[in-house]
Amino acid sequence: MKRYTLSRKERIKSKKLFDTIYSQNNLIVSKDQKVKAVFIIENQTENIPVKVTEAVSKKTGNAVWRNRVKRLLRESYRVNKFLLVDKCLERNISLAVVFSPYFLNQKRNPILQLSDVLPGMLDVINKIRSSI
RNA sequence: GGUGCAAGUCGGGCAGUUGCGUUGCCAAAUGCUUUGGUAGCGAGGAAAGUCCGAACUCCAUAGAACAGGAUGCCGGGUAACACCCGGGAGUUGUUUUGAGCAAUCUAACAAUUACGGAUAGUGCCACAGAAAAUAUACCGCCCGCCUUUGGUGGGUAAGGGUGAAAUGGCAGGGUAAGAGCCUACCGCUUUGGAAGUAAUUUCAGAGGUCUGAAAGGAUUAUUCUCUUUAAUGAGGAUAACAAGGUAAACCCCAUCCGGAGAAAGGUCAAAUAGGAAAGUCUUUCCGGUAAAACGGAACAGAGUUGUUCGCUUUGAAUGGCUUUCGGGUAGACUGAUUAAGAUUUGGUGUAAACCAUAUUCUAGAUAAAUAACUGCCGUCCCUUUUUAGGGAUUACAGAAUUCGGCUUACAGACUUGCAUUCCAA
RNA sequence: CGGGGUGUAGCGCAGCCCGGUUAGCGCGCUUCGUUCGGGACGAAGAGGUCGGGAGUUCGAAUCUCCCCACCCCGA
């Protein structure tokens, strides 16, 4: 299996799963306060160990900016996803995570780069690993 | 060459690595599908706002009207239009041409216009002003009378004053003073001719009378009918200078409009609950009967009793189970991208546009793909005298059923036209 | 994707339909009085691009058109 892929099956797509994730409310914020994550842990083992998606509030910016944030979050997860996947396969559990920007909006950060998001994402992933 | 304005076109390019969506082909596992390989394609001029018009789908519907809404000079284009093109008229501005002492008028050019009707009716017009629309007279001007620095009765609407707006303008005649009272010119209304598809333009003619509170009447002009040899006479019709503004006030007139919207609509359809139909089960055994009824024994439940035996009683109803059917939720698929399509060439037309011909480069996602990085070129910014170095990859902005428009946002580049006179020849 | 509403003083609201005279009301704010002082009370006062831009009109917060921001509803 390749390391740096992110196919459609690893995305969260149903409204029920969103509801259960947000009702549990396990919130983790990164050290630089740019990325936050909400997740749940399930004991059932499925074919897909980790399911991910990203959510951006409508008030933070216009459609172009929001799309860019989502793509950068997805890219930074794609590069580092093996950290979570290996751990979950080891422990035989499954995970569902929603990533969101925390202290970011279009007025303060009109132009975003990958380097703005990547350290926050790494920090969040490490926190999730340690909390499993 | 530069600058400004207007109109139009474009909205970074090439190569590589990784990744995502989709379509075709191949291979493997499999046969619902999944995985891998390979090839093609993968945001815009506004995709935005959701302001109009349609396609498409479902519902309703004999036809028409009312209500409500939209549009509103004329002609053309279009599937349709609050759109586009051409023409007309109005308004504003500029300079020039012409007229004039001047105000101003005329012509050309440019910009602009939600540009039907104010004589169908109703409403409103603050303050000021005599008076704001049925009319009317403050200061004036003129005449008569009187108790003469004035008062009073009448005439007048030229002048002053108010206001955004004051009952055609201006000049001359006329008058007691005045007035379309009369005349010329301009304007306005109307009749006829010509040009034009039409809006409209142009030419010629007529029109400002008297009386009356008004309706109307008289008179004059044009015309029709009857009568008379004819003149004429009788009757009828039309006209005889306005009625200030406001319809983005109500309204009237003409034309158009059934409603809801892809969360429309269609197909498949789990679990649970409920509906309908069919089948099956009715504790077991023996006797008995055509089949039942019925009798006996065992079994189970209930009652009686301190407990057991025993006794009594119950064991077919709003029942259980199975299957099928239809509605249909979650969910999945579809609608969904070849279309009033784009481009080339030719023709018609002033143009918008239409016709013919040829080619076909093709986003199709659905918790929603179109991304990240590297190199070169291009562009921009900063530092520097230059070489060079560093930074940015840009503005506005992200398809969601699809088209035609409108509106709004926009870094920079290019083309065309006009203006300007700054620089050079 | 479709539909509806709001914007007026520091805050909460009238006025808009049906255009006009000084754009008002309550709380708050400033000054003065009252009190030993404060509160309460009384008197006076300041504070408004009526969300922005065009248009109609003699005249627009109000009528019409175009933008901006915010809020609500529909499975």
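Quick caveat: nothing in here was measured; it's all calculated off a predicted structure.

Novice: Account for the overall build of chain A, naming residues and giving values.
Specialist: Along chain A, the regular secondary structure elements total four helices and four strands. Beginning at the N terminus, the succession of helices and strands in chain A can be written as α-β-β-β-α-α-β-α. Expressed as lengths along the three principal axes of its C-alpha atoms, the size of chain A is roughly 45 × 30 × 25 Å. Expressed as a percentage of its 132 residues, the buried residues of chain A come to 39%. Counted over contacts in chain A with a minimum sequence separation of 6, partners at least 24 positions apart contribute 82%. With an accessible surface of roughly 8200 Å², chain A has 49% of that area assigned to carbon and sulfur atoms. If you average the places of the 27 positive and of the 11 negative side-chain charges in chain A, the two averages end up 7 Å apart.

Novice: Give a description of the protein's contact with RNA strand B that names residues and reports values.
Specialist: In the neighbourhood of RNA strand B, 23 residues make up the surrounding shell, with Arg 8, Arg 11, Ile 12, Arg 68 and Arg 71 lying closest. Here Ile 12 contributes a backbone N or O atom positioned 2.5 Å from a sugar or linking oxygen of RNA strand B. Here Arg 68 contributes a side-chain N or O atom positioned 2.5 Å from a phosphate oxygen of RNA strand B. Where the surface near RNA strand B is concerned, the elements lending two or more residues are α1 (15–24) and α2 (63–80). A total of eight residues in the surface near RNA strand B trace back to one element, the largest contributor, which is α2. Of the residues contributing to the surface near RNA strand B, the split by class is seven nonpolar, four polar and twelve charged.

Novice: Account for the pairing of strand β2 (residues 35–42), with residues named and values stated.
Specialist: Two strands pair when backbone bridges link them, and strand β1 (residues 27–29) and β2 are joined in this way by three bridges, in the antiparallel orientation. Note on β2: the bridge partner recorded for Ile 28 is Ala 37. Taking the residues that link successive antiparallel strands as the turn, the β1-β2 hairpin has five residues, and the phi of Gln 33 there is positive, at about 60°.

Novice: Lay out the confidence of the model for chain A with the relevant residues and their values.
Specialist: Averaged over every residue, the pLDDT of chain A is 80; residues scoring 70 or more account for 94%. Within chain A, α1 has the poorest average pLDDT of any element, 77, and β1 the best, 86. For this predicted complex, the interface score ipTM comes out at 0.81, while the overall pTM is 0.75.

What counts, and at which threshold
Residues numbered from 1 in each chain as written. Chains lettered and ligands numbered in written order. Predicted model: local features only at pLDDT ≥ 70, side-chain atom pairs only at ≥ 80, totals over all residues. Heavy atoms only, no water. Helix = DSSP H or I, 4+ residues; strand = E, 2+ residues; numbered from the N terminus. Buried < 20%, exposed > 50% of the residue type's maximum accessible area, 1.4 Å probe, protein only. Contact = heavy atoms within 4.5 Å. Areas by Shrake-Rupley, 256 points an atom, 1.4 Å probe, with all protein chains shown as cover. Lys, Arg positive; Asp, Glu negative; His and termini not counted. Charge placed at Lys NZ, Arg CZ, Asp CG, Glu CD. Near = heavy atom within 4 Å. Polar contact = N/O pair within 3.5 Å; in protein donor to acceptor, adjacent residues only side chain to side chain. Nonpolar A, V, L, I, M, F, W, Y, C, P; charged D, E, K, R; others polar. Pairing = 2+ DSSP bridges. pLDDT = per-residue confidence, 0-100.

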